[in-house]
Amino acid sequence: MYAKAHIHSMAPYIPGFQPEAEQQVIKLNSNENPYPPSPDVRKALAGFDYALLRRYPNATAEPVREVLAEIYGVNRNQVFCGNGSDEIISLLFKAFLEEGSTIALPYPTYSLYRTAADIHRVHCEFVPTRDDFSIDTEALLAVPSQAIILVNPNAPTGLLVSVDVIEELAGRYNGLLIVDEAYIDFADGEASALRLIGRCPNLLILRTLSKSYSLCGIRFGYAFADEALIEALDKCKDSYNVSMLTQTIAAAALRDRSYFDETVGRIRASRGSLGGSLRRLGFAVPDSETNFLLCTPPAGSGLSARRITEWLAERHVYIRHFDSPLLEDKIRISIGTEEENSKLLTLLEDLLNRPEDETVPSGD
Ligand SMILES: *Cc1c(COP(=O)(O)O)cnc(C)c1O
């Protein structure tokens, strides 16, 4: 056995199932965007001189940092770019968290934090959410910790903590407050903690182009924080962490504000209508500020969340079921196109209207 003992014994991160690219499926299991990226991305790729690929990319993704600084009204030195926000999560541990230190985070939340902590031998103190999945920030503060991590809006619950609460938390906390805003573009109103940058030196905001810009495939994440925090990330990153193609595509997508507004608007509208239809079928569907819905199957339908997930997968419709505490009786559905959502609803209606004996779980 060559792996370090703690790597050997840790549980790996389990991503959502990815079918082969050519397969015709309805894929609502990874919170991907159902629309293609901006048409400006296609133009940028068509105009890209392949001969440039013999060179290294800009080491700090400077052109993209500038676009981000301009769009979001921060200084260039308050922005960091990474190979997906997953890379930045790993860098947070490298740069800020000593082996043996403790991070406080709500449960449930994005499970990659646990994996990154395990790799870096950082202890996770999970603070359960309340019965309605709302986050108990007082309980998070009460844990002696070096960092608090909030996914906001949270995954997989879809719930949002207000900026005022985040500001108060940052002010009362001595450690690093990490706010992962992977889904913030789908939230209502002025939900982002961005306006606290420059005021809260212990705040670091993580973002990604994966979800709201429909660019999971290029791997581009970014962070906003005070200059001192950004400098530490810059020291720890791989020397050329963002590829030339990724930088080209990211800048093109970010500049196309109208396409972004239109597609995000469509997803938010579909979230409302899909939620309404699921409720009419008897599902419990709390309001979501993200591009997914966490739902509980109708009580008394005799259908478990796992059974529904498997039954849909047999019909090439993929949603997500988490085999973990508080979540086993729920399904998470990413918002698809109107057509995908209505196919899903038709199938669910079929399943719910089946005679009892056909819906008995097959031995699970
Ligand atoms: C999807 C997701 C990420 C990962 O983003 P990438 O930029 O694709 O690595 C990070 N945090 C949360 C909460 C996510 O849901």
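Just so it is clear, the model here is predicted, and its values are computed rather than measured.

Enquirer: Whenever I open this one, the sheet that holds strand β6 (residues 176-180) confuses me. Can you help?
Expert: Two orientations exist for strands paired in a sheet by backbone hydrogen bonds: parallel and antiparallel. Taken together, seven strands build an open sheet; the order of strands is β2-β8-β7-β6-β5-β3-β4 and the sheet is mixed. Two strands bound the open sheet, and with one partner strand each, they are β2 (79-82) and β4 (123-128). Taking each pair of neighbouring strands and ignoring which way they run, the sheet shows an average axis angle of 20 degrees. Of the pairings in the sheet, the one linking strand β5 (residues 147-151) to β6 comprises five bridges and is parallel in character. What sits directly across from isoleucine 149, in β6, is isoleucine 178. The sheet contacts of helix α4 (residues 84-96) involve β2, β3 (102-107), β6, β7 (203-208) and β8 (221-225), and relative to β7 the element is tilted by about 155 degrees. Helix α7 (residues 163-172) rests against β5, β6 and β7 of the sheet, and its axis sits at about 155 degrees to β6.

Enquirer: Mind showing me how you'd approach the pattern of salt bridges here?
Expert: Side-chain pairs of opposite charge can arise where the charged atoms are in close proximity. For the structure on display, the rule yields 20 salt bridges. Glutamate 262 serves as the salt-bridge partner of arginine 266, at 2.9 Å between the closest nitrogen and oxygen. With arginine 266 and glutamate 262 both in helix α10 (residues 257-280) and four residues apart, the pair spans about one turn of that helix. Salt bridges sharing common partners tie together Glu138, Glu168 and Arg172.

Enquirer: What's the story with a nonpolar patch on the surface in this structure? I'm lost.
Expert: A grouping of Leu45, Tyr50, Leu53 and Leu245 is seen on the molecular surface, where their side chains present a nonpolar patch of about 410 Å² in accessible area. Here leucine 45 lies in helix α2 (residues 39-46).

Enquirer: I'm lost on the UniProt feature "modified residue: N6-(pyridoxal phosphate)lysine" (unreviewed entry) in the chain in this one. Help?
Expert: In the numbering adopted here, UniProt assigns the feature "modified residue: N6-(pyridoxal phosphate)lysine" (unreviewed entry) to Lys211. Among the secondary structure elements, lysine 211 is positioned in the loop between β7 and β8. In this structure lysine 211 touches Ser30, Asn31, Asn33, Ala182, Tyr183, Phe186 and Asn291, once residues within four positions along its chain are discounted.

Enquirer: Where do I start with the state of the cysteines in this structure?
Expert: Disulfides are covalent bonds that connect the sulfur atoms of two cysteines. Throughout the structure, instances matching the rule amount to zero disulfides. No disulfide involves cysteine 81; its sulfur sits 16 Å from that of cysteine 236, the nearest cysteine. Here cysteine 81 falls in the buried class, since its relative accessible area comes to 1%. Unpaired in this structure, cysteine 295 has its nearest cysteine sulfur neighbour in cysteine 216, at a distance of 20 Å.

So, how was this worked out
- What you see as residue numbers is a count from 1 along each chain, following the sequence as written.
- Reporting in this predicted model follows two pLDDT cut-offs: at least 70 for local features of residues, and 80 or more for side-chain atom pairs to be given and counted; totals over whole chains, interfaces and linings ignore these cut-offs and use all residues.
- As a rule here, side-chain values come from all non-hydrogen atoms in the structure, and water together with hydrogens is ignored.
- By definition, two strands form a pair when at least two bridges between them are found by DSSP.
- Numbering goes from the N terminus for both helices and strands, where a helix is a DSSP run of H or I of at least four residues and a strand is a run of E of at least two.
- Fitted lines through C-alpha atoms give the axes, limited to the stretch in contact for helices. The angle between two N-to-C directions lies from 0 to 180 degrees.
- Whether two residues are in contact is decided by their heavy atoms, any of which lying within 4.5 Å being enough.
- We define a salt bridge as a side-chain nitrogen of Lys or Arg found within 4 Å of a carboxyl oxygen belonging to Asp or Glu.
- Only residues whose relative accessible area exceeds 30% and that take part in no salt bridge are eligible for patches, with like-charged residues grouped when within 9 Å of each other and nonpolar side chains (Val, Leu, Ile, Met, Phe, Trp, Tyr) grouped when within 5 Å.
- Areas reported here follow the Shrake-Rupley algorithm with a probe of radius 1.4 Å; residue values treat only the protein chains shown as occluding.
- UniProt positions are given in the numbering used here, feature names are shortened, and annotations may be inferred rather than shown by experiment.
- The disulfide criterion is simple: two cysteine sulfur atoms within 2.5 Å.
- Each residue gets one of three labels from its accessible area relative to the maximum for its type: buried under 20%, exposed over 50%, partly exposed in between, using a 1.4 Å probe on protein chains only.

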